[in-house]
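Fold and geometry: a report
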Amino acid sequence: MNILSLDDFSVEEVNEILDSANEFANGKEVDYKGKKVVANLFFEPSTRTHYSFEKAALNLNCKTMNFDESNSSTKKGETLYDTVKVFDMLGVDAVVIRHTQNAYYNELVGKLKAPILNAGDGTGNHPSQSLLDLLTIKREFGKFEGLKVVIVGDIKHSRVAHSNIKIMERLGMTVYTSGPEEYKEEGFNYVELDKIISEVDIVMLLRVQHERHESLMKLSLEEYHKNYGLNMERVNKMREKAIIMHPAPFNRGVEIADDVVECKKSRIFEQMRNGVFVRMAMIYKAIEE
Ligand code: CP
């Protein structure tokens, strides 16, 4: 089965994927004995998502193929569909795809034998990131209902925010957004960070995405850090049991101070660890269902 957006899954189904990921975290083993092949097709740079899908596949004893876009026939004008179709015809058992185009998968769905695992589409969705964020929250608090989160930064262009806001609200969490006016998206519960920071259970920071829209931001990076960045002064105002999350990569000294990255409340590296278990659950579900 395809995993494209968490919108396609009920709350019960999302919890089932998280339970499966938790089983992998607790040592469950699945061994495909090298008979299944997972192809990673990244048309946009990635470290965490690419290599944790790779590690997840290896943990399940799948073989992997890693598409190198920079040396591929896309340089001769081959389209996304024609490129992905090659891997389908080669007989892979799942394709993991990241692409700059929102909902790129709409042109692929129903035309491939291999299931598609969306590793991020433009500013649209990042379901594996949402799932690893949710697993981190569930392992920390044991529940979603009643938790409060503030997501800080470029809400408008963030696929992480877009995926997370919808599923977190469906799971019974209260989601606030915060950040510069130019990154605000209508329809979300916008608040000033300093007014909400002492009330939330989770402060989730987003990366300032220089490569997408540097010219959009009216503030200097120093001003961004002063107004919206998480420094130790703000961390000290957080609830005792509150945690800090960031999908990474992070800009030290911009959205997060250097000394906050690995402070006691930070779960940023734990999120990366959980990413492998979530992606094992996704590959397993995609192949088996
Ligand atoms: N969080 C995330 O998607 O990181 P990468 O871009 O490194 O995959």
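Preceding block: the structure.
So, here is what we can say about the structure in this document. (Residues numbered from 1 in each chain as written. Predicted model: local features only at pLDDT ≥ 70, side-chain atom pairs only at ≥ 80, totals over all residues. Heavy atoms only, no water.)

Focus: the site of the ligand
Taken together, the neighbourhood of the ligand is formed by S46, T47, R48, T49, R98, H126, Q129, P247 and A248. In this structure, a nitrogen atom belonging to the ligand sits 3.0 Å away from a side-chain N or O atom of Q129. Against a free-state accessible area of 250 Å², the protein chains account for coverage of 91% of the ligand. Split by residue class, the shell around the ligand holds 2 nonpolar, 5 polar and 2 charged. Per-domain counts for the shell around the ligand show at least three residues from each of domain 1 (6–125 + 273–288) and domain 2 (127–267). (Near = heavy atom within 4 Å. Polar contact = N/O pair within 3.5 Å; in protein donor to acceptor, adjacent residues only side chain to side chain. Areas by Shrake-Rupley, 256 points an atom, 1.4 Å probe, with all protein chains shown as cover. Nonpolar A, V, L, I, M, F, W, Y, C, P; charged D, E, K, R; others polar. Domains from an automatic or database assignment.)

Side note on the sheet that holds strand β8 (residues 243–245)
The strand order across the open sheet built from 4 strands is β6-β5-β7-β8, with neighbouring strands paired in parallel fashion. With partners counted over all chains shown, the strands left at the sheet margins are β6 (174–178) and β8, one partner each. When strand polarity is set aside, the average angle formed by the axes of neighbouring strands in this sheet is 20°. Looking at chain direction, strand β7 (residues 202–205) and β8 are connected through 3 bridges and run parallel. Across the sheet, V203 pairs through a bridge with I244, a residue of β8. The strands touched by helix α4 (residues 127–141) within the sheet are β7 and β8, with β8 carrying the most contacts at an inclination of about 170°. (Pairing = 2+ DSSP bridges. Helix = DSSP H or I, 4+ residues; strand = E, 2+ residues; numbered from the N terminus. Axes fitted to C-alpha atoms, helices over the stretch in contact; angles between N-to-C directions. Contact = heavy atoms within 4.5 Å.)

Quick word on the packing of α4 against helix α10 (residues 268–288)
The N-to-C vectors of α4 and α10 enclose an angle of 115°; their axes lie 8 Å apart at closest approach. The element α4 and its partner α10 pack so that their crossing is right-handed. Within the contact between the two elements, α4 uses S128, Q129, L131, L132, D133, L135, T136 and R139 and α10 uses Q271, R273, N274, G275, F277, V278, R279 and M282. Taken together, the residues of the contact of α4 with α10 break down into 6 nonpolar, 6 polar and 4 charged. (Left-handed = near helix turned anticlockwise from the far one by under 90°.)

Some remarks on the packing of aromatic side chains
The full count for this structure, using the stated rule, is 6 aromatic pairs. With a centroid separation of 5.1 Å and 50° between ring planes, the pair formed by F43 and F67 is classed as tilted. Pair noted here: F43 is in the loop between β1 (37–42) and α2 (48–59) and F67 is in strand β2 (residues 63–67), with a separation of 24 residues, a long-range link. Of the two residues examined, F43 and F67, each falls in the buried class. Both rings, one in F250 and one in F269, keep their centres 6.2 Å apart while their planes meet at 85°; by these two values the pair is edge-to-face. One end of the pair, F250, is in the loop between β8 and α10; the other, F269, is in helix α10, and 19 residues separate them in sequence. Judged by relative accessible area, which is 18%, F250 ranks as buried. Of the residues examined, F269 reaches a relative accessible area of 40% and is grouped as partly exposed. Three or more aromatic residues link up through ring pairs in this structure, and these residues are F43, F67 and F87. Lying across the ring of F24, K28 places its NZ or CZ 5.3 Å from the centre. Cation over ring: K184 sits above Y190, and NZ or CZ is 4.6 Å from the ring centre. (Phe/Tyr/Trp six-rings, centres within 6.5 Å; stacked < 30°, edge-to-face > 60°. Buried < 20%, exposed > 50% of the residue type's maximum accessible area, 1.4 Å probe, protein only. Lys NZ or Arg CZ within 6 Å of the ring centre and 35° of its normal.)

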